[in-house]
Amino acid sequence: MTLYFLVKYLHVLGAIVILGTGSGIAFFMLMAHRSGDAAFIARTAATVVFADMLFTLTAVLLQPVSGGVLMMLSSTEVTERWLMTSLGLYAVAGLFWVPVIFMQIEMRELARKAATESLPLPPRYFALFRRWFLFGIPGFGSVMAILWLMIAKPF
């Protein structure tokens with residue numbers, strides 16, 4: 001196995017981790033939210049925050065490194081349109097993902113408080129959940145588009 005294919009494998013693996021963790025987190029948060037059970041939401045959000053930090057953050061930090069090495073090994077220019085578009089979409093994904101982390105942390109804390117005090121979830125939780133859901137669309141959509149651009153290199 002050449003260095004290029006090893007780095008390419010790691011780069012694709014990183015993309016899989018980002019997409020897999022992102023879709024898993026979205027599913028579990030949505031299911032917990034639909035339950036309406038503050039304690040369940042708090043436990044799920046705690047796991048989601050941990051998974052985002054452990055898996056998503058690690059992959060997000062390593063993707064540019066492996067991508068840069070791939071560019072160097074393949075003599076790819078950063079000015080190629082598919083790559084410039086991918087980098088722009090990566091920035092868009094980051095602009096939506098970073099606030100989502102803080103939303104998840106706040107939703108976790110609001111749900112913990114509601115569960116501990118045997119109160120209903122506060123309106124702030126529902127506002128955060130709606131925003132969290134809406135931020136996921138361009139954030140996750142950008143990553144899906146990047147994956148397509150990596151494979152197709154259409155322009």
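Look a little higher up for the structure.
None of these values were measured; they are calculated from a predicted model. (Residues numbered from 1 in each chain as written. Predicted model: local features only at pLDDT ≥ 70, side-chain atom pairs only at ≥ 80, totals over all residues. Heavy atoms only, no water.)

> Any details on the overall build of the protein? Residues and values, ideally.
Per the secondary structure count, the protein includes 4 helices and 0 strands. Along its sequence from the N terminus, the protein presents helices and strands in the succession α-α-α-α. Taken along the three principal axes of its C-alpha coordinates, the protein extends 60 × 30 × 20 Å. By the burial criterion, 34% of the 155 residues in the protein qualify as buried. (Helix = DSSP H or I, 4+ residues; strand = E, 2+ residues; numbered from the N terminus. Buried < 20%, exposed > 50% of the residue type's maximum accessible area, 1.4 Å probe, protein only.)

> How would you explain helix H1 (residues 3–35) if you had to name every residue and give the values?
Relative to the 48 Å expected for 33 residues at 1.5 Å per residue, H1 spans 48 Å between its end C-alpha atoms, a close match to the ideal helical length. Three or more residues of H1 are buried, namely Val7, His11, Gly14, Ala15, Ile18, Leu19, Thr21, Ile25, Met29, Ala32 and His33. Its buried side turned inward, H1 meets helix H2 (38–74), helix H3 (81–116) and helix H4 (123–152). Note on H1: the residue one or two positions beyond its end, Gly36, has a positive phi of about 75°. (Expected span 1.5 Å × (residues − 1). Contact = heavy atoms within 4.5 Å.)

> With reference to specific residues and values, describe the environment of Val65.
Relative to the helices and strands, Val65 is located in helix H2. Sequence-wise, Val65 and His11 are 54 residues apart; in three dimensions their C-alpha atoms are separated by 8.8 Å.

> Could you give an account of the pattern of salt bridges, naming the residues involved and the relevant values?
A complete count under the given rule lists 3 salt bridges for this structure. A salt bridge links Arg108 to Glu109, with the nearest nitrogen and oxygen atoms 2.8 Å apart. Residue Glu109 is joined to Arg112 by a salt bridge in which the shortest nitrogen-to-oxygen separation is 3.0 Å. Pair noted here: Glu109 and Arg112 are both in helix H3, with a separation of 3 residues, about one helical turn. Here Glu109 falls in the partly exposed class, since its relative accessible area comes to 36%. A network of salt bridges, in which partner residues are shared, links Arg108, Glu109 and Arg112. (Salt bridge = Lys/Arg side-chain N within 4 Å of Asp/Glu carboxyl O.)

> Go over the nonpolar core, please, and point to the residues and values.
In this structure, Ile25, Met29, Ile41, Met107, Leu121, Tyr125 and Trp132 are the most contacted members of the largest nonpolar core, which totals 20 residues. Excluding residues within four positions of it along the chain, Ile25 makes contact with Val48, Ala51, Asp52, Thr56, Gln104 and Trp132. Formed by 6 residues, the second largest nonpolar core is a distinct cluster that contains Ala15, Leu83, Ile146 and Leu149. (Core = buried A, V, L, I, M, F, W, Y, C linked by side-chain atoms within 4.5 Å.)

> Please provide a residue-by-residue account of the packing of H1 against H2, values included.
Where H1 contacts H2, the two axes come as close as 8 Å, and the packing angle between them is 160°. Compared by their axis directions, H1 and H2 come out roughly antiparallel. Seen along the crossing, H1 lies across H2 with a hand that is left-handed. Per-class residue counts for the contact of H1 with H2 are 23 nonpolar, 11 polar and 2 charged. (Axes fitted to C-alpha atoms, helices over the stretch in contact; angles between N-to-C directions. Parallel < 35°, antiparallel > 145°, perpendicular 65-115°, else oblique. Left-handed = near helix turned anticlockwise from the far one by under 90°. Nonpolar A, V, L, I, M, F, W, Y, C, P; charged D, E, K, R; others polar.)

> Please provide a residue-by-residue account of unusual backbone geometry, values included.
The phi dihedral of Ser118 is positive, around 50°, even though this residue is not glycine. As for its position among the elements, Ser118 is in the loop between H3 and H4. With a relative accessible area of 67%, Ser118 lands in the exposed category. The backbone of Lys153 shows a phi angle near 40°, a positive value even though the residue is not glycine. In this structure, Lys153 sits in the segment after H4.

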